[in-house]
Every structure is written in C-alpha cells, then in structure tokens.
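A structural walkthrough
One-letter residues, chain by chain:
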Amino acid sequence: MQRDKRIVVKVGTKVITSKERSLDRERIKDIVGQVSDIRDNGIETILVTSGAIGAGMWTLGMKRRPSKLEQLQATASIGQNLLMQVYSEYFRERGYIAAQILLTQEDFNNRSRYLNIKHTLETLLKHGAVPVINENDTVATEEIRCGDNDRLSSLVADLCRADRLIILTDVDGLMDEEGKVIPNVYDISAKILRLGGKSRCDLGTGGMATKIASARAATKAGITCVIANGRTKGVLCRIVLQGERLGTTFESGKEKYAARKRWIAFSSRPKGVIRVDEGAKAALCERDRSLLASGITSVSGDFSSGDVISIADSEGREFGRGVAGYSSGEISRIKGKRSTEIAAVLGYKGREEVIHKDNLVIL
Ligand code: GLU
C-alpha cells in the first residue's frame, strides 16, 4: 500500500453544494473530518477547494452563473468569505487551523512568487495548519486565470511535491463507454482523453476533461492521481488510510518530465501559437529536433522571446509547447525562411532555432 507523507485533496463545487445550491455544510464537515483524521495520522494535507462562485450565487439569490467578469469576481468575493468561514469553523472543532491561500496563474509564472508560495506552504504545514487554497477569482482576469481548480490542484501538488493528488467530484471516477469505472490508468492515451469528453459545468468550471489533463500533469511530475466521488462515505480515509482502491487511479508513470519541462508543459500559460507544416511536425515529434523558422507557416498572439508558446499542426491542433527564442513580431518576419536568411531579414544575427529542443515539450 502506498504510504503518503503529503497529499493534495481537491474538492469540486458540486461535491459541496446542496440541492438548493447553498453550501452543503454537512458535506464540508464530513470532508474536514476525514482530512483531520488523515492529519491525525501524520499525513500532511493541503486542500484545494472550489465553491466560492457557487456560494456567492446562492448568497445573492442568483439562479445562473453570471457571464460578466466583474459579476463573477464580485460573486466570488462574497462566496469565498462564506466558504472559508465554514471550513475554518469545522477545522477549529477538530483542533486544526485552516489557512487561506488564493492564487492566480501569475503566481506560477513568476519564479520568485512561486518560491514564496512554496515557502509559505511549508511554513504553514510546519505550524500544523491546513492550507485551504482556491483561485483568486476576485482579481483573476482571463489572462491570469489558472482556468479551473483541477488544473490549480495539479500545479499545487507539483509545487509542494505531494505524493498523491485526490480529486473529489460528483461521479465515481472515469467511466468507460459502458459507464463502468476504469480502476487504473497507466497511460493517458487518446482513447482515455476521448472518454473525458468536453468540459462543462455551470457552477464550477471543470469537467472530466480538465481532471484528466490535471492527472496527466500530476503523473508527469511523478505524483499518483485519484479521481473519486466526494459523496462516497469515508472516501478520503478509505483511500489514504485503508489503501482501498476507489475511483480511478492514474499511476505515476516511469517517464517523468524534468522540472523545466513540466513548467513549459503545464505550469505556464502559452502566450501565442505557432503553426508548423507537416515536415516540421515530424522533425519535432519523431526526430527530437529543434524548431526552425523554415517549418513555420503562421504565428498568432503577442509574445516576447522567452515566453511559452503553443505549437500547432497545419489543422491548428496543439501538439507541443516551448519557450520562444524570438518575439511574435520577429517570427512573423522570418517564418518560412531558412536559418541562413534570418540575419538578412532581421538586420541582426539571431539564433538558429526558433524553439530549441531543450525548451520544447511534445504533448
Ligand atoms: N474558483 C472557482 C470557485 O471557487 C471554481 C473553479 C472550478 O470549479 O474549477 O468557485
């Protein structure tokens, strides 16, 4: 049985929202109780919880999730406060201190902020507190959003080097075509991705697809990921303390990405897209080459050299990510050109590769 030292538990909005769409206090109390039992057993636990927007909607009597950014941000501001009150109250009853952390994508892009959070988390855990994390929805605009809390939870699991990420949702796990739960996934293949379908949810933002993407990020960091039903009785304790196999376990693969590649592939947000021809795609995917200007057919977005960008095939499907060696303006001038022509086009001698293979990840 896997013996964890540190785990990250993600709780979805649907798990902690009642039929009337208010916060399901009993459920939160139950989850807090299980986390406390796990803590009592010496396993450090970090919670990533959604539910701020849902709780805010309920408080304001809204029937539908607002679509305007400022409405969403105001709703989250009201709901986050309520959410934290409830968590704090139940943790206090069990003798634990809940510590709120609100993060955005920028905290993962910026190295010094990233390290700060890491140190804060370690300090909180040393104090015996339980960090309770959500996206900072009140300040997060589209460009700086992590996107969904599934993604946020895998970023946090990687940041704090957790042994296991447990994503609690309102279904029993990843289902096959017949609706049976798949107990183990060793390889996140195209078939598995198809089973995830498209993401859709009116209260939160996730869905099975974002959970699989997070499982992929976690497993590439050497972290096992479990997707399980948050409403199953004693689910967390049964998985973590009794070693029961509930839900779907994505086994951490042998093929781990190094920290820099994980940052390129999962932690950062691409600032633009480069489309390449079939020849360049084959060179990158099959021959482990760098991306040269000659294979680039188009560029979109406004980025600088050093930013992470997405690499798409001729049909616009993303198949890789990398750190740009040139800005978007420069790439639009040198695309399709041979490396020997770059100096003449730009008027200065730049590097040969647009994305060096060391800065490139095939997804
Ligand atoms: N941060 C959002 C909230 O607390 C939820 C995002 C998500 O569900 O993925 O309401």
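Here, every reference points to the structure presented above.
Below is a short write-up of the structure. (Residues numbered from 1 in each chain as written. Predicted model: local features only at pLDDT ≥ 70, side-chain atom pairs only at ≥ 80, totals over all residues. Heavy atoms only, no water.)

Right, let's talk about helix H1 (residues 25-40) for a bit. Across its 16 residues, H1 extends 22 Å between first and last C-alpha, which sits within 8% of the 22 Å expected from 1.5 Å per residue. Within the sequence span of H1, burial applies to Ile 28, Ile 31, Val 32, Gly 33, Gln 34, Val 35, Ser 36, Ile 38 and Arg 39. For H1, the secondary structure elements touched by its buried residues are strand S1 (6-11), strand S2 (44-49), helix H3 (69-93), strand S4 (130-135), strand S5 (164-169) and helix H9 (235-240). Downstream of H1 by one or two residues, Gly 42 has phi in the positive range, about 80°. (Helix = DSSP H or I, 4+ residues; strand = E, 2+ residues; numbered from the N terminus. Expected span 1.5 Å × (residues − 1). Buried < 20%, exposed > 50% of the residue type's maximum accessible area, 1.4 Å probe, protein only. Contact = heavy atoms within 4.5 Å.)

Unusually for a residue other than glycine, Arg 21 sits at a positive phi of about 75°. Counting through the fold element by element, Arg 21 comes out in the loop between S1 and H1. Positive phi, normally seen in glycine, also occurs at Arg 161, with a value near 50°. Residue position: Arg 161 is located in the loop between helix H6 (149-159) and S5. With relative accessibility at 37%, the residue Arg 161 sits in the partly exposed group.

A complete count under the given rule lists two aromatic pairs for this structure. With 6.2 Å between their ring centres and 70° between their planes, Phe 108 and Tyr 114 make a pair best called edge-to-face. Residue class for Phe 108 comes out buried when judged on its relative accessible area of 2%. Between Tyr 257 and Phe 266, the ring centres sit 6.0 Å apart and the planes meet at 15°, which makes this aromatic pair stacked. (Phe/Tyr/Trp six-rings, centres within 6.5 Å; stacked < 30°, edge-to-face > 60°.)

For the rest of this paragraph, the subject is the packing of helix H2 (residues 52-59) against H3. Axis angle and axis distance: for two packed helices, these are the angle between their axes and the distance between the axes, and together they describe the pair. Two numbers describe how H2 lies on H3: the axes approach to 6 Å, and their chain directions differ by 95°. Taken as axis vectors, H2 and H3 run roughly perpendicular relative to one another. Along its contact with H2, which presents Ala 52, Ile 53, Ala 55, Gly 56, Met 57, Trp 58 and Thr 59, the element H3 presents Leu 72, Thr 75, Ala 76, Ile 78, Gly 79, Gln 80, Leu 82 and Leu 83. (Axes fitted to C-alpha atoms, helices over the stretch in contact; angles between N-to-C directions. Parallel < 35°, antiparallel > 145°, perpendicular 65-115°, else oblique.)

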